[in-house]
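Residue-level structure breakdown
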Number of protein chains: 4
Amino acid sequence: MNKKKIINDPIYGFVTIPSELVFDLMQHRYFQRLRYIKQVSLTHLVYPGALHTRFQHAIGAMHLMTRALNILSGKGISISEEEREGALAAILLHDIGHGPFSHSLEHTLIEEVSHEMLSSILMDKLNEEFGGKLDLAISIFTDNYPRHFLHKLVSSHLDTDRMDYLIRDSFYTGVSEGVISFDRIIKMLNVVDDDIVVESKGIYSIENFLVARRLMYWQVYFHKAVISAEQMLIKALKRAKYLQLNGKDVFATPALHHFLAHKITEENFLSEEEHLDYFTQLDDMDIMSGIKVWAHHDDQVLSTLCRRLMERNLFRTEIRNEPLPEVELKEIEEKVIRHFKIKPEDVHYFVIPHPIQNSAYDTTLDKIKILQKNGDLEDIATASDLSNLESLTKRVQKHTISYPKELKLPND
Amino acid sequence: MNKKKIINDPIYGFVTIPSELVFDLMQHRYFQRLRYIKQVSLTHLVYPGALHTRFQHAIGAMHLMTRALNILSGKGISISEEEREGALAAILLHDIGHGPFSHSLEHTLIEEVSHEMLSSILMDKLNEEFGGKLDLAISIFTDNYPRHFLHKLVSSHLDTDRMDYLIRDSFYTGVSEGVISFDRIIKMLNVVDDDIVVESKGIYSIENFLVARRLMYWQVYFHKAVISAEQMLIKALKRAKYLQLNGKDVFATPALHHFLAHKITEENFLSEEEHLDYFTQLDDMDIMSGIKVWAHHDDQVLSTLCRRLMERNLFRTEIRNEPLPEVELKEIEEKVIRHFKIKPEDVHYFVIPHPIQNSAYDTTLDKIKILQKNGDLEDIATASDLSNLESLTKRVQKHTISYPKELKLPND
Amino acid sequence: MNKKKIINDPIYGFVTIPSELVFDLMQHRYFQRLRYIKQVSLTHLVYPGALHTRFQHAIGAMHLMTRALNILSGKGISISEEEREGALAAILLHDIGHGPFSHSLEHTLIEEVSHEMLSSILMDKLNEEFGGKLDLAISIFTDNYPRHFLHKLVSSHLDTDRMDYLIRDSFYTGVSEGVISFDRIIKMLNVVDDDIVVESKGIYSIENFLVARRLMYWQVYFHKAVISAEQMLIKALKRAKYLQLNGKDVFATPALHHFLAHKITEENFLSEEEHLDYFTQLDDMDIMSGIKVWAHHDDQVLSTLCRRLMERNLFRTEIRNEPLPEVELKEIEEKVIRHFKIKPEDVHYFVIPHPIQNSAYDTTLDKIKILQKNGDLEDIATASDLSNLESLTKRVQKHTISYPKELKLPND
Amino acid sequence: MNKKKIINDPIYGFVTIPSELVFDLMQHRYFQRLRYIKQVSLTHLVYPGALHTRFQHAIGAMHLMTRALNILSGKGISISEEEREGALAAILLHDIGHGPFSHSLEHTLIEEVSHEMLSSILMDKLNEEFGGKLDLAISIFTDNYPRHFLHKLVSSHLDTDRMDYLIRDSFYTGVSEGVISFDRIIKMLNVVDDDIVVESKGIYSIENFLVARRLMYWQVYFHKAVISAEQMLIKALKRAKYLQLNGKDVFATPALHHFLAHKITEENFLSEEEHLDYFTQLDDMDIMSGIKVWAHHDDQVLSTLCRRLMERNLFRTEIRNEPLPEVELKEIEEKVIRHFKIKPEDVHYFVIPHPIQNSAYDTTLDKIKILQKNGDLEDIATASDLSNLESLTKRVQKHTISYPKELKLPND
């Protein structure tokens, strides 16, 4: 292979592209599109450095996969060249179906199609183009490959996706508490009974990883201003689509226009080629160039949301243990209706309740297994009397409410 | 001041916003616009991490200014509160006039107006809005303030602008050789005869700084693929403007449309308000959303340039000591005309010569003065027999030529 | 002050020496002695980088104190120049009474005198020499100064001592999970009711700090090989002293000889000047040069311990939840007696039980108070339903047993 | 291999011990001795963090060797398992012959035996003990192995020894300008005609490496206070040996005593076993425990030198372009004789001229070859018109003079 082989990554230094197939996948326009989709949506309005993209993340996760596979091989786990390439392609493409602003706009532009389904469709498309070379990658991705530990490296509590996004989001936000010792964690991985396990002396690193992850949730992903910006963005898109569907033109790139002008069901999406075509042309720029132009639209709801987003004049967001009582919600809504002189049926664009929840270690999915020195496997939550892991399994649910900060809550 | 006071920066950690004026300037939509203008244009096509913006850079340079002023105060240089705020506002706004893709598109969209003139116009605008509070900042920026060392911190070989961009570009590209010891350099600054000087034991740090800067030029700013992408971008914009001016509509946001549809002289720009209005709505997203749509335009020249940019299928770029001989240039042009079946007058869009030059330490501007222990001042180039600084003054000129890589040069 | 003012620290970069008094204290031979006392004893046998000294730690803690005082001043807490210098001198000298190998050898060489008493004696001595300039520092150190928050910065859950040692031990061992965001923690400190409190948005940083601290305990301070080496060191010193007191000369520097040849009570120590004189000449080198020579001593117990230390042939250490049952202990002891052909009364040199315990957040001392936005103070353990802090208060006790690895436990 | 396999290094993270032979070599008491020999002698008196040892450096250089060999293998250079282990053992042991305080005391304690000869003797000893397993390592080390590029990785301009010491000394002193991009340099290495070469796009990294190296010389290795301390140390040792040889006992550990009490020629050293025995027991602690005790010796010359070293009251050192003129030297010497009331023949202990010289890129040894894209090899000094490499070949010679700072030079 005499193609460009090395990529500079601010976090890992040099990342080597491991094979020609991977290189060719990276060159594909589906993958190049990820250059223009930010990993953490509008988080940069709070943490200005957080401009990193799905493109960087996918390459980073692939780099961690390379390291993990090398460590496991070094411990005597046999991994064939095909399996290696399959696992690398699977992790490289795991986010290929993300649309603009990643999670924020999922189900807003295309109501019925999830990013997982889109990833699956796009991988199949690529597999066709690459003459079946992605068969193994796809079967690892969908956990249909008999050696399940490979899937676990792509998707589980300790997959290389999570490791990379946690490190990367920490690095680019500057929230250094999120930095984890990925090198140590990866060196502690092993395979027992076809499952990824952690050797016992890695237990503190795992706890540190889970604590760091929870901290990132509450300090970054659920930061009030981040929630506010994302809710405003969703509402702006919904309003634009509402206007377009109701005969009021809004400026848009052709790809965005397509999704504003059509309600697309899952069935449509799968049967009509053009939806996917347009989807693969869509990225953050389509959305943001719309938002910027709409700041001057003559629909007051749309222009208010967009102008405030562009000028970073965000709604106030409160986080509460319980949902706001119906009575108080009504009170706010009425004030908003009066203050902004909007129709009652439009108030939901400006007063936005949104529940959030997180569990640092969600044991309903899978469990992190610790490999004791005597060969026993134990759930990490009970493996050590020294750690706090049990308390990390608790699920925390909160309720946010966002509204223009000109108003105040009744009890302010 | 009970406003948000701290910003997380991945490089410096916490950056404190030093005053209410600075905070208010940062909230202004002129400054918020810098969030959407990348510091190093299309460099991210080579170094995927290089997505940092003028917004981050301006804040970073302000942070270094804070540190520099603190160091100088600590050495007994008296700096009043007004001077401090003036210097901070001046550095914060030093790039306020940059348009999309910074230097790359200067003089492409608005042929006759430089970013310095635009900065100057926008600062005056802001000064009006802020009731004259920027008088001192502007006089420091334009070097009309009698204490010239303050201007030197904003613009000179050792200004905080250069220090921040060098550190920041290094950090985000991952080219670690560019990392400089800004902490050490700043601690070595002093003021003599109203000029910024460096104490003698800082001489190696300065040499390191200049060597790092040269390295960044040749490894990053003049990277072949970066030059290629930027030249292709310029040509695409020129083609779009050509088409629009010749009655062939191209998709564009309203702000971009304005500049595609008008040739604007300096005189127009200064006399007609709307040009500035549109300019302050323009950022990288307008350009890139255009490029993406134009990839499907029916003008072959435009669509070829844009599709290749989006798919990162860049022209080949060669760097030579001498310009390509006229004969060889012609030969390439003819091959391109034949291969792409384009008109001879359009070949300049696909075969692009572009000279580059750099001097690590350009002594025609100002000189870096070393403060010897005995109080003497010396030009750094001659201050030490240990260093290589003299050789860093040499100006290097090269000639690049970019063209579709389907072709090869005659002597390949 | 025209004395050397800046120190390079690998962690913080440049550390500025804040005053002439501090500079002069650092020049004193009592403080220079700390250059030769390692912060973490024999930990370098496991983590080879852990060679950092009490000298570096004291300067680092002083640096964090400078930052903390600046932050508090910036928040409107008035701190006079005298108080500032007092707090800085107090933290600089907080470990001045440490003997060689810090905690490891406390109560081994001088049975009855603690390092706190020694610090106190040495500060008084210095205060005499400096003509009373340390009065305020001493009263802060002993918590007799009426503004108690200054003492809290010297000694409490969030003192700058702990912050520095945690960062420093992490940095030099390379156990990156211990790295804490000291910058963030310090920026979140405030003073309420004369006590150091943490502003509410610092809660995750504190949890991270406490989790990191616990991790450092179990991964570094209580690492089996570290415990083994330290117990062997203690036993070697005890044996050497036993031999010397019983008329069998062991090689020693004059200072070490003094403490090997005398049993010194607290009363002696306080009444006879020579003990302190010798103590202030004692550092790690005296001990290690003894150990090295004793490896060739003809007393088998002493030479075995010392030779194994020098060749890093350490005892095996086990960590158990319960003390080893008496019966099993006897069995090991008998094996050791037979195998090494030593006298039964000497077996305690080779079979060494040692309890360890740790609490990440020991609430029996003081509590970390969180300052809520409404001004309320709350114990951090209950301040947030998101964190695990409550579980961090639990005290963990373990039991270690070390013995030559030639043997095996009965149940191996 | 079920032995301890991973070492934490603060710089590289986890270092894997590559083979059982390497592990066993590291366990040998010859190698463990390097734990107690600091890499940069008394530099810690200026840069307090610089306490790192030859032990850490040897492991670090071995780690870089592992990386370099992996890169070269990846480029198709065939390297057998035996060659790999040979190169790793060779670099691991390259400094095995260093005595206490490394270069500083070479030729002081044992006048006629260099550290290279000692390394060679000790490797042969080890080879015997390991039953010839070091044959290949030794032939690589001595450049008798036919594949010379392996020797170049052990000893040349671009050997892994230099790379590690430069990074490590930078890291531990905190002089960040010395940090080099070892990862990039190693990735650019290749083998042509059995020689190590650098691929052309590594040229700036090499220049950066050479500039950083020169900076480290003048900022660290030739720092005035470092030179002063090392010259004082040498003089103290010479005085102690002079006294001991002239019947005046000085305290010393047995190993140090041996070298103080005997003048040992190369012939003696090679023929009498006991010299080597004692040498392998000698490390920094023997010297420093002597210095500390001698601070109280009744010989005024010895006690003055030692007391000042312990209290960091160093001589003043001047660096000049020319040697101090004979007349001025005499003047200083006379002042010293009068002030300290010492004998004229002892003045050389207190007035110490010492020449220093450095060349960033000494082309009299070997040359750094650049591999151009067309396959040509070129000397780096001429390979690029962009760099300053030619000027880095210049040799700089300076002259230092150290003397008690109570005195002043005539022209002060």
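None of these values were measured; they are calculated from a predicted model. (Residues numbered from 1 in each chain as written. Chains lettered and ligands numbered in written order. Predicted model: local features only at pLDDT ≥ 70, side-chain atom pairs only at ≥ 80, totals over all residues.)

Here the focus is the overall build of chain A. Across its full length, chain A holds 19 helices and nine strands. A compact globule built from 412 residues would reach a C-alpha radius of gyration of about 22 Å, and chain A, at 23 Å, matches this within 12%. Oriented by its inertia axes, the alpha-carbon framework of chain A measures out at about 70 × 50 × 35 Å. A burial count over chain A gives 52% of its 412 residues as buried. Contacts spanning at least 24 positions in sequence make up 71% of the contacts within chain A whose residues lie at least 6 apart. (Helix = DSSP H or I, 4+ residues; strand = E, 2+ residues; numbered from the N terminus. Rg over C-alpha atoms; globule rule 2.2 N^0.38 Å. Buried ≥ 20, exposed ≤ 12 C-beta atoms within 10 Å, placed from the backbone. Contact = placed C-beta atoms within 7 Å.)

Glancing now at the interface of chain A and chain B. Contacts between the two partners involve 33 residues from chain A and, on the opposite side, 32 residues from chain B. Those elements that place two or more of their residues in the side of chain A that touches chain B are strand S1 (6–9), helix H2 (29–32), helix H3 (54–74), helix H9 (160–173) and helix H16 (284–294) of chain A. At six residues, the largest contribution of residues to the side of chain A that touches chain B is made by H16(A). Of the residues contributing to the side of chain A that touches chain B, the split by class is 15 nonpolar, twelve polar and six charged. (Nonpolar A, V, L, I, M, F, W, Y, C, P; charged D, E, K, R; others polar.)

Our focus in this paragraph is the relation of the copies chain D and chain B. Overlaying chain D on chain B yields an RMSD of 0.0 Å, the required transformation being a rotation through 180 degrees with an accompanying axial translation of 0.0 Å. The relationship between the two copies is best expressed as a two-fold rotation axis. Comparing interface residues between copies, 100% of those in chain D also sit at the interface in chain B, which points to an isologous, same-surface contact. (Least-squares fit on C-alpha atoms with pLDDT ≥ 70 in both.)

Time to look at unusual backbone geometry. Note: most residues except glycine have negative phi, and most peptide bonds are trans. Within the chain, A:Arg312 stands out as a residue other than glycine whose phi angle is a positive 55 degrees. Position of A:Arg312 relative to the elements: it lies in the loop between helix H17 (300–310) and strand S5 (316–320). Backbone geometry places C:Asp193, a non-glycine residue, at a positive phi of 50 degrees. Structurally, C:Asp193 can be placed in the loop between strand S3 (189–192) and strand S4 (195–199).

The next point concerns the domain arrangement of chain A. All names here are of chain A. Assigned domains within chain A: domain 1 (6–223 + 359–394) and domain 2 (243–356). A straight line from the C-alpha centre of domain 1 to that of domain 2 covers 31 Å. Every contact between the two is made by 16 residues of domain 1 and, on the other side, 17 residues of domain 2. Per-class residue counts for the side of domain 1 that touches domain 2 are eleven nonpolar, one polar and four charged. (Domains from an automatic or database assignment.)

The next point concerns the interface of chain D and chain B. Taken together, the contact between chain D and chain B spans 17 residues of the former and 17 residues of the latter. Per-element accounting of the side of chain D that touches chain B gives the leading share, eight residues, to helix H11 (residues 203–221) of chain D. Of the residues belonging to the side of chain D that touches chain B, the class tally is seven nonpolar, seven polar and three charged.

With that settled, consider the packing of helix H1 (residues 20–27) of chain C against helix H4 (residues 81–92) of chain C. Residues and elements named next belong to chain C. At a minimum axis separation of 10 Å, H1 and H4 run at an interaxial angle of 15 degrees. Our classification of the angle between H1 and H4 gives roughly parallel. In this structure, H1 meets H4 at a crossing whose hand is right-handed. Between H1 and H4, the contacting residues are Leu21, Val22 and Leu25 on the first element and Glu85, Leu88, Ala89 and Leu92 on the second. (Axes fitted to C-alpha atoms, helices over the stretch in contact; angles between N-to-C directions. Parallel < 35°, antiparallel > 145°, perpendicular 65-115°, else oblique. Left-handed = near helix turned anticlockwise from the far one by under 90°.)

What follows covers the sheet that holds S4(C). Residues and elements named next belong to chain C. The sheet built from four strands is open, its strands ordered S3-S4-S7-S8 with mixed pairing. A single partner strand is all that each edge strand has here, and the edge strands are S3 and strand S8 (377–379). Taken over all neighbouring pairs, the strand axes of this sheet differ in orientation by 45 degrees on average, direction set aside. One ladder, built from three bridges, connects strand S7 (residues 369–371) with S8; its direction is antiparallel. Residue pairing across strands places lysine 369 opposite aspartate 379, the latter belonging to S8. (Pairing = 2+ DSSP bridges.)

With that out of the way, let us pick up H3(A). Residue and element names in this part refer to chain A. In this model, H3 (21 residues) spans 30 Å end to end at C-alpha, consistent with the 30 Å of a helix rising 1.5 Å per residue. Among the 21 residues in H3, 16 count as buried, and that is most of the element. Downstream of H3 by a residue or two, glycine 76 has a phi angle that is positive, lying close to 95 degrees. (Expected span 1.5 Å × (residues − 1).)

A few words on the packing of H9(A) against helix H11 (residues 203–221) of chain A. Residue and element names in this part refer to chain A. Here H9 crosses H11 at 45 degrees, and the two axes come no closer than 11 Å. The orientation of H9 with respect to H11, classified from their angle, is oblique. Taken as a pair, H9 and H11 cross one another with a handedness that is left-handed. Here Leu166, Asp169, Ser170 and Thr173 of H9 lie close against H11, whose contacting residues are Ala212, Arg213, Met216 and Val220. Its residues placed into classes, the contact of H9 with H11 shows four nonpolar, two polar and two charged.

On to the nonpolar core. A:Ala236, B:Ala236, C:Ala236 and D:Ala236 are the most contacted members of the largest nonpolar core, which has 537 residues in total. In this view, B:Ala236 contacts B:Ile291, B:Trp294, B:Leu302, B:Leu305, B:Cys306 and B:Leu309; residues no more than four positions away in its chain are not counted. (Core = buried A, V, L, I, M, F, W, Y, C linked by C-beta atoms within 7 Å.)

Our focus in this paragraph is the sheet that holds S5(A). Residue and element names in this part refer to chain A. The strand order across the open sheet built from three strands is S5-S9-S6, with neighbouring strands paired in antiparallel fashion. With partners counted over all chains shown, the strands left at the sheet margins are S5 and strand S6 (352–359), one partner each. Across the sheet, the mean angle separating the axes of adjacent strands is 25 degrees when strand polarity is ignored. The pairing of S5 with strand S9 (residues 395–403) spans five bridges and is classified as antiparallel. Bridge pairing in S9 places glutamate 318 opposite isoleucine 401. Where helix H12 (residues 224–245) meets the sheet, its contacts fall on S5, S6 and S9, and the angle it forms with S5 comes to roughly 115 degrees.

Let us look at the environment of A:Glu177. Inspection of the secondary structure puts A:Glu177 in the loop between H9 and helix H10 (182–187). Considering only alpha carbons, one finds A:Glu177 and A:Met216, 39 residues apart in sequence, at a separation of 8.0 Å. The contact partners of A:Glu177, leaving out residues within four places of it in the chain, are A:Ala212, A:Leu215, C:Ser181, C:Tyr204, C:Ser205 and C:Asn208.

Any residue range with low pLDDT should be treated as having predicted coordinates unsuitable for detailed reading. Here chain A averages 92 in pLDDT, while 96% of its residues score no lower than 70. For this predicted complex, the interface confidence reaches an ipTM of 0.93, while the overall pTM sits at 0.91. (pLDDT = per-residue confidence, 0-100.)

Before going further, it helps to spend a moment on the relation of the copies chain A and chain B. The transformation that overlays chain A on chain B combines an axial shift of 0.0 Å with a rotation of 180 degrees, and the residual RMSD is 0.0 Å. Interface overlap between copies: 97% of the residues of chain A at the interface are likewise at the interface in chain B, consistent with a symmetric, same-surface contact.

Further remarks concern H11(D). Three- or four-residue spacings in an α-helix give side chains the same orientation, since the helix completes a turn every 3.6 residues. Under the 1.5 Å per step criterion, the end-to-end length of H11(D) is 26 Å for 19 residues, consistent within 8% with the ideal 27 Å. Within H11(D), 18 of the 19 residues are buried, leaving the element largely enclosed by the surrounding structure.

Here we take up the environment of D:Ser73. Positionally, D:Ser73 belongs in helix H3 (residues 54–74). Taking C-alpha positions, D:Ser73 is 9.5 Å from D:Asn190, a pair spaced 117 residues apart along the chain.

Two strands pair when backbone bridges link them, and strand S6 (residues 352–359) of chain B and strand S9 (residues 395–403) of chain B are joined in this way by eight bridges, in the antiparallel orientation. By the bridge assignment for S9(B), B:Pro355 is matched with B:His399.

With that settled, consider the environment of B:Tyr278. Tracing the backbone through its elements, the reader meets B:Tyr278 in helix H15 (residues 273–279). Sequence-distant contacts of B:Tyr278, that is, excluding residues within four places in its chain, are made with B:Ala255, B:His258 and B:Phe259.

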